[in-house]
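One letter stands for each residue in the lines below.
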Amino acid sequence: MHVALYSRGFVQEDLEDIQLLLDELGRQEITPVVYEPFFKEIRLHIRFPAETDTFSKAEDLDGRIEFLVSLGGDGTLLDTVAYVRDKNIPVMGVNFGRLGFLASIGRDEIHEVVNSLVSRNYVVDKRTLLHLDASSPLFGDVPYALNEFTIHKKDTSAMVKIHTYLNGEFLNTYWADGLIVATPTGSTGYSLSCGGPIVFPEAANFVITPVAPHNLNVRPIVVPDDNVISFEVEGRSDQFICTLDSRMEVIDNRVQLAVKKEDFTIHLLRLNESNFLHTLRNKLLWGIDTRNNRGK
């Protein structure tokens, strides 16, 4: 079995857990394939197998790779979308970060992670992606996102006007700092911090959430994910920011934009005892009020 390991980097307190993971993989005769920049950063601190394979681009993840393990927070896991693409390589996130809605497996569960991969004792969550179509080439060959697409004003420029359409029919003009279109997975990210609702991962919806809207009666809206959502952008500046997850492009107001559901999904793995409700209660501290006996 070959398992890819991806991380953006490390801090000193991560080294013990990284070594434990590699030791557990070796004990189970699993071959690690390590993200090359990460490998170069930690190879002087970690005992690797004598011959350790690396990868640096999506094409390196060939048919040998059965799983990818992300070591970091949610942002690190979002990076893996650009590598696994439509290869159907399941991703398991071990949380070396802070909140961790996606990378929800604790660093104290590394032994269970490896055992679950060997025994195939895990749950697969199929997560919807959104796809961006644009009149100019944007985001290379990875025009999709797991969390969200955003349009945002550039720097400290004045608010923008974003004319928004559902399947060609006018929805609203948003006078705001920006606009978010989030997947159910992304509903607990940027959209949530801007007042958007939490949507269950299996819901077939997108959430459209304005960022600091000028009109207080403008609220987030949930739409079916079979809609094509298109935009026309105006503002005092000729340039705007467009993002897919953590990737950013600067565009001008001549670029036509539309988002829709991607044709393929990303497979996220979780341990059997973990689920979305457990993650919500744990990460958002729901139910811990001392007056709530169920929270004890």
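In this text, all values refer to a predicted model and were calculated from it rather than measured experimentally.

Undergrad: What should I look at first to understand the overall build of the protein in this one?
TA: Helices and strands together make up the secondary structure of the protein, namely 7 helices and 18 strands. Over its C-alpha atoms the protein spans a radius of gyration of 21 Å, differing by no more than 12% from the 19 Å that the globule rule assigns to 296 residues. Buried positions account for 50% of the 296 residues belonging to the protein. One finds the centroid of the 29 positive side-chain charges in the protein at a distance of 4 Å from the centroid of its 41 negative side-chain charges.

Undergrad: Even after reading the chapter, I still don't get the nonpolar core, so can you show me in this structure?
TA: Side chains of a nonpolar character, in soluble globular proteins, are inclined to be buried together. Judged by nonpolar contacts, the single largest core of 53 residues is most densely connected at Leu5, Ile18, Phe38, Phe55, Leu61, Leu68 and Leu117. If sequence neighbours within four positions are ignored, Ile18 has contacts with Phe10, Phe38, Ile42, Ile46 and Phe96. Listed in part, the 27 residues of the second largest apolar core include Leu130, Val160, Ile208 and Phe240.

Undergrad: It is not clear to me how the pairing of strand S7 (residues 123–134) should be interpreted in this structure. Could you clarify?
TA: Regular strands place their side chains on alternate faces of the sheet. Across 11 bridges, S7 lies against strand S18 (residues 257–270) in antiparallel orientation. Bridge assignment links Lys126 to a residue of S18, and that residue is His267.

Undergrad: Would you mind going over the packing of aromatic side chains with me for this structure?
TA: One pair of aromatic rings is described through two measures. These are the centre distance and the angle between the planes. Under the counting rule described, the total for this entry stands at 11 aromatic pairs. On the numbers, 5.7 Å between centres and 80° between planes, the contact of Phe67 with Tyr122 is edge-to-face. Of this pair, Phe67 sits in strand S4 (residues 65–72) while Tyr122 is found in the loop between helix H5 (110–119) and S7, placing the two residues 55 residues apart along the sequence. We note that Phe67, like Tyr122, is buried. Where Tyr144 meets Phe264, the ring centres are 5.1 Å apart and the plane angle is 85°; that geometry is what we call edge-to-face.

Undergrad: Is there a simple way to explain the side chain of Thr209 in this structure?
TA: Assignment of secondary structure puts Thr209 in strand S13 (residues 205–211). When its relative accessible area of 0% is taken as the criterion, Thr209 is described as buried. Here Ser191 takes part through its side chain, which lies 2.8 Å from a polar atom of the side chain of Thr209. With near-sequence residues (within four places) excluded, Thr209 lies in contact with Leu179, Ile180, Ser191, Cys194, Gly196 and Pro220.

Undergrad: Hey, could you run me through the sheet that holds strand S14 (residues 221–224) in this one?
TA: Backbone hydrogen bonds are what pair the strands of a sheet, in a parallel or an antiparallel way. Spatially, S14-S13-S12-S9-S16-S17 is the arrangement adopted by the 6 strands of the open sheet, whose pairing is antiparallel. On the outer flanks of this sheet lie S14 and strand S17 (247–252), each paired with one strand and no other. Here the average twist between neighbouring strands, direction ignored, is 20°.

Undergrad: Honestly, H5 in this entry has me stumped. Any pointers?
TA: For an α-helix the count is 3.6 residues per turn, leaving residues at separations of three or four pointing the same way. For H5, the set of buried residues is Ile110, Val113, Val114, Ser116 and Leu117. Each buried residue of H5 sits inside an arc of 160° when the element is viewed along its axis, so together they form one side. Residues of H5 that are buried sit in contact with strand S1 (2–6), helix H1 (15–27), S4, strand S5 (91–95), strand S6 (105–106) and S18.

Undergrad: Whenever I open this one, the packing of H1 against H5 confuses me. Can you help?
TA: Helix-helix packing is characterised by the crossing angle of the two axes and by the distance between the axes. One can describe the packing of H1 onto H5 by two numbers: an axis separation of 9 Å at closest approach and a directional angle of 30°. Put simply, H1 runs roughly parallel to H5. In this structure, the crossing between H1 and H5 has a hand that is right-handed. Across from Asp17, Leu20, Leu21, Glu24, Leu25 and Arg27 in H1, the residues of H5 making contact are Ile110, His111, Val114 and Asn115.

Undergrad: In this structure, what is going on with the pattern of salt bridges? I would like to understand it.
TA: Two side chains that carry opposite charge are able to pair once their charged atoms sit near each other. Scanning the model with the defined rule gives 18 salt bridges in all. The closest approach of N and O atoms between Asp79 and Arg8, which form a salt bridge, is 2.7 Å. Pair noted here: Asp79 is in helix H3 (residues 74–79) and Arg8 is in the loop between S1 and H1, with a separation of 71 residues, a long-range link. Judged by relative accessible area, which is 48%, Arg8 ranks as partly exposed. For the salt bridge of Lys161 with Glu234, the shortest nitrogen-to-oxygen distance reads 3.6 Å. Pair noted here: Lys161 is in strand S10 (residues 160–166) and Glu234 is in strand S15 (residues 229–234), with a separation of 73 residues, a long-range link. Judged by its relative accessible area of 36%, Glu234 falls in the partly exposed class. Beyond isolated ion pairs, a larger network of salt bridges with shared partners links Asp14, Asp17 and Arg107.

Undergrad: Hey, could you run me through the environment of Val91 in this one?
TA: With respect to the helices and strands, Val91 occurs in strand S5. For Val91, a relative accessible area of 0% translates into the label buried. Discounting chain neighbours no more than four positions away, the residues touching Val91 are Leu68, Ser70, Leu77, Thr80, Val84, His267, Leu268 and Leu269.

Definitions and cut-offs
- Residues numbered from 1 in each chain as written.
- Predicted model: local features only at pLDDT ≥ 70, side-chain atom pairs only at ≥ 80, totals over all residues.
- Heavy atoms only, no water.
- Helix = DSSP H or I, 4+ residues; strand = E, 2+ residues; numbered from the N terminus.
- Rg over C-alpha atoms; globule rule 2.2 N^0.38 Å.
- Buried < 20%, exposed > 50% of the residue type's maximum accessible area, 1.4 Å probe, protein only.
- Lys, Arg positive; Asp, Glu negative; His and termini not counted.
- Charge placed at Lys NZ, Arg CZ, Asp CG, Glu CD.
- Core = buried A, V, L, I, M, F, W, Y, C linked by side-chain atoms within 4.5 Å.
- Contact = heavy atoms within 4.5 Å.
- Pairing = 2+ DSSP bridges.
- Phe/Tyr/Trp six-rings, centres within 6.5 Å; stacked < 30°, edge-to-face > 60°.
- Polar contact = N/O pair within 3.5 Å; in protein donor to acceptor, adjacent residues only side chain to side chain.
- Axes fitted to C-alpha atoms, helices over the stretch in contact; angles between N-to-C directions.
- Arc of directions from axis to C-beta.
- Parallel < 35°, antiparallel > 145°, perpendicular 65-115°, else oblique.
- Left-handed = near helix turned anticlockwise from the far one by under 90°.
- Salt bridge = Lys/Arg side-chain N within 4 Å of Asp/Glu carboxyl O.

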